[in-house]
Structure formats: C-alpha cells, structure tokens
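Single-letter residue listing:
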Amino acid sequence: MTQIFRTVAELRANGARWRGQGERIALVPTMGALHAGHLSLVQAAREQRCARVVVSIFVNPTQFAANEDFGAYPRTFDADLEKLASVGVDACFAPTPDEMYPSGFCTKIIPGGPALAGLEDRFRPEHFAGVAQVVTKLLNAAQADCACFGEKDYQQLAVIRQMAGDLDIPTEIHGVPILREADGLALSSRNVYLSADERKRAALLSQVLRDTAERLRAGGEVAAVCAEASRRIAEGGFAVDYFEARHAATLAPLATLAEGPARLLVAARLGKTRLIDNCAI
Ligand code: PAF
C-alpha cells in the first residue's frame with residue numbers, strides 16, 4: 001500500500017527511518033493526473049538502485065500565470081493513488097498549498113542560464129521561477145538520493161540540473177526519455193484537453209520532429225530546415241510558438257550541428273491546447 005504524507009515533518013521522519021535501514025530514496029515530483037510517462041519515472045528511479053520511491057503530487061500554483069490552466073488542471077488523486085499502488089510506490093507526498101506556502105512565505109528563486117533560453121520562458125515568463133521554487137522545496141523536504149524528471153519538459157530539466165548544481169543540492173538529478181503513444185504523441189497530462197479531431201492531428205508534431213532530426217543529420221542547414229518544419233506544423237492547423245535546434249545542455253542557439261550535441265524543441269497550440277515536444281538530433 002502507498003502511504004500518504006501530507007506534511008514535510010511526516011515525510012522527513014519516514015525518510016530518516018528508511019535511511020537508517022540503509023535504503024536509498026528516490027523522489028519523483030509530479031502534479032498528479034498520472035499516466036504511463038510518470039510510471040516510467042518510477043521505474044527509472046528503481047533503476048537508480050533506489051529501494052524506496054516517493055512520488056509527490058502537488059499542483060504548484062506559483063508556476064502558473066493568471067491566464068493559465070491552474071484551476072482546470074486535471075486533478076485525479078484517487079486514480080493516481082491506485083496507479084502508484086499498482087507499481088508498488090512506497091509513499092506519496094501530497095501537501096496542501098498551505099503546507100508548501102504558509103502565510104508569511106516570501107522567498108523566491110530566480111533561475112538563470114537555461115531558464116532564459118528564449119523558449120518556454122518567452123511564452124511563460126514566470127514559469128521557471130515557480131518550478132525552481134517548488135522543486136527546491138520538494139528536494140529539501142524529501143532529502144532523496146536521486147530525483148527523476150521527464151525529458152518531455154526538456155527546458156525544465158535543464159533548469160533543474162543547473163539549479164541543483166549551482167545551489168549544491170546533493171540530490172542526483174536524472175532525466176528520463178519521453179514515453180509516446182503509438183502514433184508518436186508524447187504522453188502529457190494536458191492531452192486530455194484535445195478534442196477527438198485535435199488528438200488525431202496532434203501526432204504531426206512528433207512526426208515533424210523526427211523528420212527534421214533526420215534532415216539535419218543528413219546535412220540540412222539548421223535555420224532553413226527548422227523554418228520548413230514550422231511551416232509544416234502550421235499547415236497542420238497548429239499555431240507555432242517555436243521550433244528550434246539548441247545545444248542539448250545549455251539550450252544556446254545553434255547555427256550548425258558542429259557546435260555541440262543538439263536537441264530539437266517545439267511548442268505549438270492546437271485549438272486551446274498548448275503542446276511541447278523535443279528530440280535528440
Ligand atoms: O513537471 C512537472 O510536473 C512540474 O513542473 C514539477 C516538476 C512537478 C514541479 O511542479
């Protein structure tokens with residue numbers, strides 16, 4: 001059975017007990033609405049020799065702008081707990097907003113580097129400060145040996161790696177590959193927002209990513225090939241926010257693939273739903 005902890009004090013006391021038994025602990029931070037992608041993070045955590053896995057479920061208000069979907073974000077706690085129990089997760093940390101941000105809370109974290117890459121931050125200017133704030137609190141609360149994050153939110157992962165290194169946070173940060181539907185659509189809690197017609201069209205994003213990576217590997221010119229990819233996605237009915245090739249670690253813009261390991265990143269809106277995806281080149 002998955003134990004539920006509502007307070008940092010309970011989570012810490014339990015973690016101390018596990019550590020006392022010599023067990024390594026992993027944290028998998030989530031906002032709930034769990035799907036197979038989240039469960040693959042649990043699996044990845046076990047592969048890091050962690051006998052104990054804690055999944056946190058907290059829809060963090062500070063990473064949503066006023067015009068975003070905080071209120072509408074899917075909340076499926078009972079179904080989430082069943083999924084966690086089905087894969088043998090030991091503990092779920094599900095704090096209230098007051099536990100995380102009690103009255104008087106006022107500390108902010110301002111991430112730099114990859115948080116200012118001009119990708120998600122251009123469209124969600126406050127987002128990574130909220131992510132950095134809550135992830136720091138979750139890592140401190142859990143005091144885990146390792147924490148697993150999906151590569152689906154690739155810029156988020158880069159921001160968290162940078163922050164953990166800069167602030168000497170001792171938890172090892174692991175990135176876990178994207179899980180996809182049969183037609184290539186990256187698993188996301190926000191896919192439930194897609195209508196049946198949009199869901200069919202959504203697969204185009206990953207197809208174009210794959211084709212573009214191939215064209216670039218074959219020697220295509222970065223700016224021209226990415227511009228062509230944006231056009232294809234727009235023709236498929238999306239409003240494209242960006243489609244870019246970036247350095248895989250720093251997220252700095254790349255003019256050629258010779259400038260380092262590269263990653264393609266895309267964000268585009270289909271109706272009211274904003275989808276993001278990425279792949280290695
Ligand atoms: O990726 C997410 O679900 C969230 O941004 C995270 C890392 C759990 C922080 O709220």
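Residues numbered from 1 in each chain as written. Predicted model: local features only at pLDDT ≥ 70, side-chain atom pairs only at ≥ 80, totals over all residues. Heavy atoms only, no water.

- Looking up the protein chain in an unreviewed UniProt entry gives the name Pantothenate synthetase, with the organism given as Rhodoblastus acidophilus.
- Word for word, the UniProt comment on the protein chain under Subunit (unreviewed entry) is "Homodimer." (UniProt positions renumbered as here; feature names shortened; annotations may be inferred.)

1. A look at empty space enclosed by the protein
Next up, step 1: With the rule as written, the count across this model stands at two cavities of 30 Å³ or more.
Next up, step 2: Quantified by volume, the largest cavity comes out at close to 40 Å³.
Next up, step 3: If you go around the largest cavity, the residues you meet are Lys152, Leu185, Ala186, Ser188, Asn191, Leu205, Leu275, Ile276 and Asp277.
Next up, step 4: No other element matches strand β9 (residues 273-280), which puts three residues into the lining of the largest cavity.
Next up, step 5: By volume, the second largest cavity is sized at about 30 Å³. (1 Å grid on protein atoms, 1.4 Å probe; cavity = no way out; pocket = protein on both sides within 12 Å on 5 of 7 lines; lining within 4 Å. Points joined across faces, edges and corners; volume = space filled by probe spheres on them. Helix = DSSP H or I, 4+ residues; strand = E, 2+ residues; numbered from the N terminus.)

2. Some words on the sheet that holds β9
Next up, step 1: Spatial strand order, β7-β8-β9: three strands in an open sheet with antiparallel pairing. Looking along the sheet, the strands with just one partner apiece sit at the ends: β7 (239-247) and β9. Strand-to-strand twist across the sheet, computed as the mean angle between neighbouring axes with direction ignored, equals 10 degrees.
Next up, step 2: Of the strand pairs in this sheet, β7 and strand β8 (residues 262-270) are connected by eight bridges, and their pairing is antiparallel. Each residue of the ladder has a partner; that of glutamate 244, found in β8, is leucine 265.
Next up, step 3: Of the strands in this sheet, β7 and β8 are in contact with helix α10 (residues 222-235), which crosses β7 at around 155 degrees. (Pairing = 2+ DSSP bridges. Axes fitted to C-alpha atoms, helices over the stretch in contact; angles between N-to-C directions. Contact = heavy atoms within 4.5 Å.)

3. Remarks on the site of the ligand
Next up, step 1: In the vicinity of the ligand, the residues found are Pro29, Thr30, Met31, Asn60, Gln63, Val134, Val135, Phe149, Asp153 and Gln156.
Next up, step 2: Taking glutamine 63, its side chain carries an N or O atom lying 2.6 Å from an oxygen atom of the ligand.
Next up, step 3: At a separation of 2.7 Å, an oxygen atom of the ligand approaches a polar side-chain atom of glutamine 156.
Next up, step 4: With the chains in place, 89% of the 290 Å² that the ligand exposes on its own is no longer accessible.
Next up, step 5: When residues of the shell around the ligand are traced back to their parent elements, those giving at least two are β2 (25-30) and α6 (127-142). (Near = heavy atom within 4 Å. Polar contact = N/O pair within 3.5 Å; in protein donor to acceptor, adjacent residues only side chain to side chain. Areas by Shrake-Rupley, 256 points an atom, 1.4 Å probe, with all protein chains shown as cover.)

4. Quick word on α6
Next up, step 1: Look at α6: 22 Å from first C-alpha to last across 16 residues, which is about the 22 Å you get at 1.5 Å a residue.
Next up, step 2: In terms of residue burial, α6 counts as a mostly covered element, since 13 of its 16 residues are buried.
Next up, step 3: A positive backbone phi angle near 45 degrees is found at glutamine 143, which sits one or two residues after α6. (Expected span 1.5 Å × (residues − 1). Buried < 20%, exposed > 50% of the residue type's maximum accessible area, 1.4 Å probe, protein only.)

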